[in-house]
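# Structural description and commentary
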Amino acid sequence: MAAILISGGTKMEILKIDHLGIAVNSIDDGKNFWSDVLGLEFEGAETVDAQKVTTAFFPVGESEVELLESTSPDGPVAKFIEKKGTGFQHVAFRVANIEEALAELKEKGIQLIDQEPRIGAGGAKIAFLHPKATGGVLVELCQRD
């Protein structure tokens, strides 16, 4: 287990990199590389209507690769691909307590996309930090019970 030291001395407990998010035009096409070429096991796809995305996970040790395919032209993944193209979209850190982590980050003035956790793929509690606060990287916090 690792901890990130936030200025002021408090600590947020980060357990591990939960997954790396990869924006794709098509999960079926993405599977060709991640599963057929690299041999990673495809766990199946799940649509998260609230986020306008279909996700697919490929376990790698204790972490996963998550492919993200937009289900709508105005979804966040579609907007990402339109702006930056396909590829690496976010890194997700598993935290011990997402509510405490968000409260601590708010207290430290970190710009959040999600003020409160929401439910993501697999029923995980998730929240995103704004890339303006993280040096340009979209960071997701997630808690899986």
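Relevant structure appears above.
Let us look at the structure shown here.

What counts, and at which threshold
Residues numbered from 1 in each chain as written. Predicted model: local features only at pLDDT ≥ 70, side-chain atom pairs only at ≥ 80, totals over all residues. Heavy atoms only, no water. Buried < 20%, exposed > 50% of the residue type's maximum accessible area, 1.4 Å probe, protein only. Helix = DSSP H or I, 4+ residues; strand = E, 2+ residues; numbered from the N terminus. Arc of directions from axis to C-beta. Contact = heavy atoms within 4.5 Å. Phe/Tyr/Trp six-rings, centres within 6.5 Å; stacked < 30°, edge-to-face > 60°. Lys NZ or Arg CZ within 6 Å of the ring centre and 35° of its normal. Salt bridge = Lys/Arg side-chain N within 4 Å of Asp/Glu carboxyl O.

Attention now goes to helix H3 (residues 98-107). Within the sequence span of H3, burial applies to Ile98, Ala101, Leu102, Glu104 and Leu105. Taken end-on, H3 shows its buried residues confined to a sector of 160°, consistent with a single buried face. More than 90 degrees from the buried face of H3, the exposed residues found are Glu100 and Glu107. For H3, the elements touching its buried residues are strand S2 (11-23), strand S6 (87-95), strand S8 (125-129) and strand S9 (139-143). Residue Gly109 follows H3 closely and has a positive phi angle near 80°.

A few words on the packing of aromatic side chains. Each aromatic ring pair is described using two quantities: the centre-to-centre distance and the angle formed by the ring planes. Following the criterion strictly, the structure yields two aromatic pairs and no others. Considering the side-chain rings of Phe33 and Trp34, the 5.1 Å spacing of their centres and the 85° angle between planes classify their relative orientation as edge-to-face. Under the relative-accessibility criterion, Phe33 is labelled partly exposed at 41%. Both rings, one in Phe42 and one in Phe58, keep their centres 5.5 Å apart while their planes meet at 40°; by these two values the pair is tilted. Here Phe42, found in the loop between helix H1 (27-37) and strand S3 (45-48), pairs with Phe58, found in strand S4 (residues 53-60); they are 16 residues apart in sequence, far enough to count as distant. With a relative accessible area of 0%, Phe58 lands in the buried category. Here the basic side chain of Lys31 rests over the ring of Phe42, its NZ or CZ set 4.4 Å away from the ring centre. The lysine or arginine in question, Arg144, covers the ring of Phe57, its NZ or CZ lying 6.0 Å from the ring centre.

Right, let's talk about the pattern of salt bridges for a bit. By the definition in use, this model includes seven salt bridges. Between Asp28 and Lys31 there is a salt bridge, with its nearest N and O atoms 4.0 Å apart. Of this pair, Asp28 and Lys31 both sit in helix H1, three residues apart, which is roughly one turn of that helix. Salt bridges sharing partners connect three or more residues here, namely Asp18, Arg94 and Arg144.

These figures come from the coordinates and say nothing about function on their own.
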